[in-house]
Amino acid sequence: MTEVSLTPPHGQPPRPAGLTARPPLTLAEEHVLLLWQVTASAEKLLTAIEHGRWPDAELAALAGYAQAEVLRQVSDEEALLFPAVPSQTVAGLARDHVRLRAAAEFLARAAAGDQPMSPAQLAAAVRDFVVQLERHLRNEEDLLASGRAQHDVPGTVTLGGHPHEWYPLTEGPVVDLDALPADQAVAAAVDRLLRMRRGEQVELQSGTGLDPASGTGTVRMGSGAAGELAVTWASRTERADGKTSPEELAAAAHSACYAMALALRLGEHKAVPERLAITATVTLDWAGGVPTIVSSHLDVTASVPGLDKAGFDAVIGEASDLCPVSRLFGGAKITVGATLEPAP
Ligand SMILES: [Fe+2]
């Protein structure tokens, strides 16, 4: 293993020179963000070891980030960037990815207590992971640029990959949806739910304001991923007129959640979809004398090279079992916390 000294990162993730505050759009920018997050976690872990403490929480955080974000980037690069480059060019990068997957799995086993080791051995493994990642990212930027300027190599997110800036906004026991970009809040929240650890509880928070006289109001996503959405009772029962409804939001949540569950299960079977489109139709009807969401129907259209119908149907079944929003529609217990504010 290679011994290195990590430079302690401080403050916000650095951005390449000349960048304004915007999401990482190039491969080099994505790599800067990934490496910063990994180095920051590694530094906290090494500091805990230096102080004579076994770094349970720091190891869980580093292993979680490596599993969720580093390996996601690896998969996205293989699916979205590697096919456009001659195979001999990316052969070494693909071997790096195998080693990164093994290193991330090692950290996950260590975090789970399945890999007994001394603090010194853990520190060496973590330093080795950071060095391995840094070298790979640098090589990858050079090789994939192949004559172009590095800032001309698109990031995976611009090709439909996973945005890494969701992770720090959603990691933790409470996710403020109103703090996420409004058009990404549902997807980011579902992504968080799908990476929940055993025994973990996650609380999603968001706010809605409604004028009781007119029946109109606004819905805010805590993430900030989408702007305020106008909502009205008429959009549920008559015409949308450009306004949304709880049923439409439920359908958006269901289709986004199911799409992620399906993509996750397909990935586990090494099946990379070329196209995945899911539509959810949520129906509001009278049942038992009260308006009731009686059904949510999902239409799934997918193109998955190398997967036959039987295999696809099997993965559909696995995704249906996984999707947390499907279970919510399946009769979840609903509780209400009510606070009456004092009259002015
Ligand atoms: Fe890579």
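Note that this is a predicted model, so its numbers are computed, not measured. (Residues numbered from 1 in each chain as written. Predicted model: local features only at pLDDT ≥ 70, side-chain atom pairs only at ≥ 80, totals over all residues.)

A. The overall build of the chain, seen in detail. Along the chain, the regular secondary structure elements total 10 helices and eight strands. Within the chain, the proportion of its 344 residues that are buried is 29%. Within the chain, residue pairs in contact and separated by at least 24 positions form 67% of the contacts whose partners lie at least 6 positions apart. (Helix = DSSP H or I, 4+ residues; strand = E, 2+ residues; numbered from the N terminus. Buried ≥ 20, exposed ≤ 12 C-beta atoms within 10 Å, placed from the backbone. Contact = placed C-beta atoms within 7 Å.)

B. Layout of the nonpolar core. Counting residues in each nonpolar core, the largest one holds 51 residues, and the members touching the most others are Leu62, Val70, Val126 and Cys257. Elements represented by at least two residues in this core include exactly α1 (27-50), α2 (56-80), α3 (87-111), α4 (119-145), α5 (166-170), α6 (185-194), α8 (246-268) and α9 (309-322). Considering every element that reaches this core, the biggest residue donor is α8, with nine residues. Counting residues in each nonpolar core, the second largest holds five residues, with Leu27, Ala28, Leu81 and Leu144 among its members. (Core = buried A, V, L, I, M, F, W, Y, C linked by C-beta atoms within 7 Å.)

C. How the structure looks around α2. Here α2 spans 35 Å end to end across 25 residues, near enough to the 36 Å set by a 1.5 Å rise per residue. Most pronounced at Ala66, the bend in α2 amounts to some 35 degrees. (Expected span 1.5 Å × (residues − 1). Bend = angle between axes of the 7 residues up to and from the residue.)

D. Structural detail: the packing of α1 against α4. Two numbers describe how α1 lies on α4: the axes approach to 10 Å, and their chain directions differ by 170 degrees. Judged on the interaxial angle alone, α4 and α1 are roughly antiparallel. Mapping the contact onto sequence places Leu27, Ala28, His31, Leu35, Val38, Thr39, Ala42, Leu45, Leu46 and Ile49 in α1 and Pro119, Leu122, Ala123, Val126, Val130, Leu133, Glu134, Leu137, Glu141 and Leu144 in α4. Residue composition of the contact of α1 with α4, by class: 16 nonpolar, two polar and two charged. (Axes fitted to C-alpha atoms, helices over the stretch in contact; angles between N-to-C directions. Parallel < 35°, antiparallel > 145°, perpendicular 65-115°, else oblique. Nonpolar A, V, L, I, M, F, W, Y, C, P; charged D, E, K, R; others polar.)

E. Seen up close, unusual backbone geometry. The residue Lys270 is not glycine, and still its phi comes out positive at about 60 degrees. With respect to the helices, strands and loops of the structure, Lys270 is situated in the loop between α8 and β7 (275-287).

F. Quick look at the pairing of strand β8 (residues 290-303). For β8, a buried count of one out of 14 residues is recorded, marking the element as mostly open to its surroundings. For β7 and β8, the ladder comprises 13 bridges, and the chain directions are antiparallel. Looking across to β8, one finds that Ala277 is bridged to Thr301. As consecutive antiparallel partners, β7 and β8 are separated by two residues, and within that stretch Gly288 has a phi angle of approximately 65 degrees, a positive value. (Pairing = 2+ DSSP bridges.)

G. Main features of the packing of α2 against α3. It is at 9 Å that the axes of α2 and α3 come closest, and there the two elements cross at 155 degrees. Between α2 and α3, the crossing angle belongs to the class labelled roughly antiparallel. Of the two possible hands of crossing, α2 and α3 adopt the one that is left-handed. For the pair formed by α2 and α3, the contact residues are Leu59, Ala60, Leu62, Ala63, Ala66, Gln67, Val70, Leu71, Val74 and Glu78 on the first element and His97, Leu100, Arg101, Ala104, Leu107, Ala108, Ala110 and Ala111 on the second. (Left-handed = near helix turned anticlockwise from the far one by under 90°.)

H. Geometry of the environment of Asp56. For Asp56, the position within the fold is in helix α2. Once the C-alpha coordinates of Asp56 and Gly113 are considered, the two residues, 57 residues apart in sequence, prove to be 9.5 Å apart.

I. A look at the environment of Gly92. Looking at where Gly92 falls in the secondary structure, it is placed in helix α3. Judged by the 13 C-beta atoms lying within 10 Å of it, Gly92 is partly exposed. A sequence separation of 47 residues divides Gly92 from Asn139, and the C-alpha atoms of the two residues are 9.4 Å apart.

J. Seen up close, the confidence of the model for the chain. With 76% of its residues at a pLDDT of at least 70, the chain reaches an overall mean of 78. A low-confidence stretch, residues 1-11 (pLDDT under 50), is modelled with 21 contacts involving residues beyond four sequence positions or located in other chains. Low confidence marks residues 15-20, where pLDDT is under 50. Its contacts with residues over four positions away, or in another chain, come to five contacts. (pLDDT = per-residue confidence, 0-100.)

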